[in-house]
Amino acid sequence: MKLIVAITGASGALYAQRVLQVLSEEPSVEHLALIISEQGRMLLNHELGINVSIRRPNLSALGIQSPKVQAYHPEDLAAPPASGSAGYHGMAIVPCSTNTLAKVAIGLADDLIARAAQVMLKERKPLILVTRETPLSLVTLRNMVAVTEAGATIVDANPGFYHQPQNILDLVDFIVQRVCDHLKITVHLVPRWEGRERPS
Ligand SMILES: Cc1cc2nc3c(=O)[nH]c(=O)nc-3n(C[C@H](O)[C@H](O)[C@H](O)COP(=O)(O)O)c2cc1C
């Protein structure tokens, strides 16, 4: 399976780091294209203290040791993720800024992240947007509706608590597991709901 992960400038760099770790260790994933926006780079630095170049990210700083990951510059509109013929099977934008959401909603393709997302929609491939913003303006809500109608899935960075998280990673993994579910990759990061025991 060939997947694309894009990191944009919304808060939640930990989600991006964990998605990359999990997908790069997943045997069914043979290739992972990574695209980081300039604001995404800034957020990685601000929230995780990681200094990455958007052209050649230091993958070991992100906790990734895998040769499967290939980084592309967000302005390289000739890179493979810009074309449907490259045959990617899905894409997750983690986290997804409301700026990038808006671009996807109107079909703007002025950088590689927006173009790759447009390609996923036209090729009818899974496109997962891990949005993070609160409160939500009517503009953003309408953009969420537009991308959902076009075939994308909004996995809002909005973890549940019913798996009884003990730490931040448990909350992050709640979202990461849902991202993987929608990329059609089964992982077991947090317990899945199996119903409540009925009182006898
Ligand atoms: C510290 C910081 C935190 C931000 N957090 C968010 C956020 O949680 N959600 C969001 O939609 N935008 C957020 N933004 C704004 C985006 O970074 C901004 O809209 C930018 O244009 C996104 O660019 P990109 O989509 O190319 O990454 C944040 C900006 C900064 C500086």
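Keep in mind that what you see is a predicted model, and the values were worked out from it rather than measured.

A. Layout of unusual backbone geometry. A cis amide bond links V94 to the next residue, P95, at an omega of -15°. By the secondary structure assignment, P95 is in strand β4 (residues 90-96). Along the chain, T134 connects to P135 via a cis peptide bond; the corresponding omega equals -10°. As for its placement among the helices and strands, P135 is situated in the loop between β5 (127-131) and α5 (138-149). One non-glycine residue with positive phi stands out, namely R124, at about 60°.

B. Quick peek at the site of the ligand. Near the ligand you find 14 residues, and of these G9, S37, S97, T100 and R132 are the closest. Between the ligand and S97 there is a distance of 2.6 Å, counted from an oxygen atom to a side-chain nitrogen or oxygen. Measuring from an oxygen atom of the ligand, one finds a side-chain N or O atom of N99 at 2.9 Å. Alone, the ligand offers 640 Å² of accessible surface; in the complex the protein occludes 69% of this.

C. Summary view of helix α1 (residues 13-25). The terminal C-alpha atoms of α1, which comprises 13 residues, lie 19 Å apart, in line with the 18 Å expected from a rise of 1.5 Å per residue. Most of α1 sits inside the fold, with 11 of its 13 residues counted as buried. Those residues of α1 not exposed but buried are A13, Y15, A16, Q17, R18, V19, L20, Q21, V22, L23 and S24. Against β1 (2-7), β2 (31-36), α2 (38-48), β3 (69-72), β4 and α6 (168-182) lie the buried residues of α1.

D. Molecular detail of the pairing of β4. β4 sits mainly inside the fold: seven of its seven residues count as buried. Side chains G90, A92, V94 and C96 project from β4 onto one buried face, and the interleaved M91, I93 and P95 project onto a second face that is buried too. Relative to β4, β1 runs parallel, the two sharing four bridges. Each bridged residue has a counterpart across the sheet, and for L3 the counterpart in β4 is G90. Where β4 meets β5, four bridges bridge the pair, whose relative direction is parallel.

E. Up close: the packing of α1 against α2. Two elements in contact, α1 and α2, have axes whose closest approach is 9 Å; the angle formed by their N-to-C orientations is 100°. Between α1 and α2, the angle falls in the class roughly perpendicular. For the pair formed by α1 and α2, the contact residues are A13, L14 and Q17 on the first element and L43, L44, E47 and L48 on the second. For the contact of α1 with α2, the class distribution of residues is five nonpolar, one polar and one charged.

F. Focus on the packing of helix α3 (residues 98-106) against α5. As a packed pair, α3 and α5 sit with axes 9 Å apart at the nearest point and diverge in direction by 50°. Taken together, the axes of α3 and α5 lie oblique to each other. Where α3 crosses over α5, the handedness of that crossing is left-handed. Packed against α3, whose contacting residues are T98, L101, A102, V104 and A105, the element α5 presents T140, N143, M144, A146 and V147 at the interface. For the contact of α3 with α5, the class distribution of residues is seven nonpolar, three polar and no charged.

G. Summary view of α2. Taken as a whole, α2 has its buried residues at G40, L43 and L44. Projected down its long axis, α2 shows its buried positions confined to an angular sector of 105°, all on one face. For α2, the secondary structure elements touched by its buried residues are β1, α1 and β2. Just past α2, the residue G49 takes up positive phi, approximately 70°.

Cut-offs applied
- Residues numbered from 1 in each chain as written.
- Predicted model: local features only at pLDDT ≥ 70, side-chain atom pairs only at ≥ 80, totals over all residues.
- Heavy atoms only, no water.
- Helix = DSSP H or I, 4+ residues; strand = E, 2+ residues; numbered from the N terminus.
- Near = heavy atom within 4 Å.
- Polar contact = N/O pair within 3.5 Å; in protein donor to acceptor, adjacent residues only side chain to side chain.
- Areas by Shrake-Rupley, 256 points an atom, 1.4 Å probe, with all protein chains shown as cover.
- Expected span 1.5 Å × (residues − 1).
- Buried < 20%, exposed > 50% of the residue type's maximum accessible area, 1.4 Å probe, protein only.
- Contact = heavy atoms within 4.5 Å.
- Pairing = 2+ DSSP bridges.
- Axes fitted to C-alpha atoms, helices over the stretch in contact; angles between N-to-C directions.
- Parallel < 35°, antiparallel > 145°, perpendicular 65-115°, else oblique.
- Nonpolar A, V, L, I, M, F, W, Y, C, P; charged D, E, K, R; others polar.
- Left-handed = near helix turned anticlockwise from the far one by under 90°.
- Arc of directions from axis to C-beta.

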